[in-house]
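Chain residues, written in single-letter form:
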Amino acid sequence: MWVKLMFPVLSLGGLSFIFGAGLSLASKKFAVEKDPRVDEVREALPGANCGACGYPGCDGLAAAIAKGEAPANACPVANSEAHKAIAEVMGTVVEDTGRMVAFVKCSGTCDKTQVKYEYYGVKDCNKAAMAPGKGNKKCSYGCMGFGSCVRACPFGAITIQNGIAVVNEEICTGCTKCVASCPNKIIEMVPEKARVRVACNSLDKGKDTKAACSIGCIGCKLCVKACEYDAIAVNDNLSHIDYSKCTNCGKCATVCPVKVIEVLDGEVRLAKQA
């Protein structure tokens, strides 16, 4: 009896040994050698796994950089030191472009913008954008204040204050997720060192802009005349700053009649607007 019981046990054991040996040999024969630089690059990345680089997390980006498919400074969240460390691993150099942060191009707080109607829908900017007039504010270009960008930010760098989104630049990593989440495209990435900024997104003519928001850009071009460095221009009734030319002198802000051009000095934006 015991012989009959042992036969299937030994047969299965033998087959297991054969299959195991076969798999072991196959794994050695067909093994793909891993580039040791992948782990070194991964170690230098911040580990946010936000996907802002366009790759599936930090592991995906590390593999792409090691293969030469992505540059050493492809991670928008990493600082310049991390970029330099990755470049050293790859034997390349990277240009230090400076830290980029998100900026909300809107000054239309509750006390400065006009409201067309009461909105009772879902408190989401993308949903509200489908309502008549793209939301309840009279300015259809401005911040709706329903916080889609707040929910998109994985780092808690954005809050809604007095009806508009405000970015905490000390926390902002430059991942750009808030930029993608905004239906009105009022969030842009700017150099952190650029302290003079136009906090408006309206393309309406001056009269219509003023009717909707008391602090909107009216396209008067006084800022253009005041700038000695050709760093500001008015296109489609809105002032735009060329940060590669701007010296942060603030003369454009001084002459702006509606005070929509800001000179940031570390204070909270809304405190400066009060």
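Figured I'd write up the structure that's included with this text. (Residues numbered from 1 in each chain as written. Predicted model: local features only at pLDDT ≥ 70, side-chain atom pairs only at ≥ 80, totals over all residues. Heavy atoms only, no water.)

Some words on the overall build of the protein chain
Stage number 1. Tallying secondary structure elements over the protein chain gives 11 helices and 8 strands in all.
Stage number 2. Excluding contacts between residues fewer than 6 apart, the proportion of contacts in the protein chain whose partners are at least 24 apart in sequence is 58%.
Stage number 3. Total accessible area computed for the protein chain in this model is approximately 15,500 Å², and 58% of it derives from carbon and sulfur atoms. (Helix = DSSP H or I, 4+ residues; strand = E, 2+ residues; numbered from the N terminus. Contact = heavy atoms within 4.5 Å. Areas by Shrake-Rupley, 256 points an atom, 1.4 Å probe, with all protein chains shown as cover.)

Side note on the layout of surface pockets
Stage number 1. Size it by volume and the second largest pocket reaches roughly 340 Å³.
Stage number 2. Lining the second largest pocket are 20 residues, and of these Ala78, His83, Gly98, Arg99 and Met100 lie nearest its centre.
Stage number 3. A total of 3 residues in the lining of the second largest pocket trace back to one element, the largest contributor, which is helix H4 (residues 80-90).
Stage number 4. Tallied by class, residues from the lining of the second largest pocket come to 7 nonpolar, 9 polar and 4 charged. (1 Å grid on protein atoms, 1.4 Å probe; cavity = no way out; pocket = protein on both sides within 12 Å on 5 of 7 lines; lining within 4 Å. Points joined across faces, edges and corners; volume = space filled by probe spheres on them. Nonpolar A, V, L, I, M, F, W, Y, C, P; charged D, E, K, R; others polar.)

Observations regarding the environment of phenylalanine 103
Stage number 1. When you line up the elements, phenylalanine 103 lands in strand E1 (residues 100-104).
Stage number 2. It is 6.6 Å that separates the C-alpha atoms of phenylalanine 103 and valine 190, two residues lying 87 residues apart in sequence.

Quick word on the packing of helix H2 (residues 36-44) against helix H3 (residues 57-67)
Stage number 1. Where H2 meets H3, the closest approach of the two axes is 8 Å, and the angle between their N-to-C directions is 130 degrees. What the angle tells us is that H2 and H3 run oblique. Crossing handedness for the pair H2 and H3: right-handed. Across the interface between the two elements, Arg37, Val38, Val41 and Arg42 of H2 pack against Cys58, Asp59, Ala62, Ala63, Ile65 and Ala66 of H3.
Stage number 2. Its residues assigned to classes, the contact of H2 with H3 shows 7 nonpolar, no polar and 3 charged. (Axes fitted to C-alpha atoms, helices over the stretch in contact; angles between N-to-C directions. Parallel < 35°, antiparallel > 145°, perpendicular 65-115°, else oblique. Left-handed = near helix turned anticlockwise from the far one by under 90°.)

Brief notes about the packing of aromatic side chains
Stage number 1. This model, assessed by the stated rule, comprises 1 aromatic pair.
Stage number 2. Between the aromatic rings of tyrosine 119 and phenylalanine 146, the centroid separation amounts to 5.0 Å while the plane-to-plane angle is 35 degrees, which identifies the pairing as tilted. With a gap of 27 residues between them, tyrosine 119 in the loop between E1 and helix H5 (125-128) and phenylalanine 146 in the loop between H5 and helix H6 (148-152) connect regions that are remote in the sequence.
Stage number 3. Since its relative accessible area comes to 12%, tyrosine 119 is described here as buried.
Stage number 4. For phenylalanine 146, a relative accessible area of 13% translates into the label buried. (Phe/Tyr/Trp six-rings, centres within 6.5 Å; stacked < 30°, edge-to-face > 60°. Buried < 20%, exposed > 50% of the residue type's maximum accessible area, 1.4 Å probe, protein only.)

Let's talk about H4
Stage number 1. Those residues of H4 that fall on the buried side of the exposure criterion are Ala82, His83, Ile86, Ala87 and Met90. Across the axial projection of H4, the buried residues extend over an arc of 140 degrees, all falling on one side. Across H4 from its buried face, at more than 90 degrees, point the exposed residues Glu81 and Glu88.
Stage number 2. The elements touched by buried residues of H4 are H2 and H3. (Arc of directions from axis to C-beta.)

Regarding H3
Stage number 1. The buried count for H3 comes to 8 of 11 residues, which makes it a mostly enclosed element.
Stage number 2. Within H3 the residues assigned to the buried category are Gly57, Cys58, Gly60, Leu61, Ala62, Ala64, Ile65 and Ala66.
Stage number 3. Looking at the packing, one finds that the buried side of H3 touches H2 and H4.
Stage number 4. Positive phi shows up at glycine 68, right after H3, with a value of about 85 degrees.

Read these as layout, nothing more, since geometry by itself doesn't imply function.
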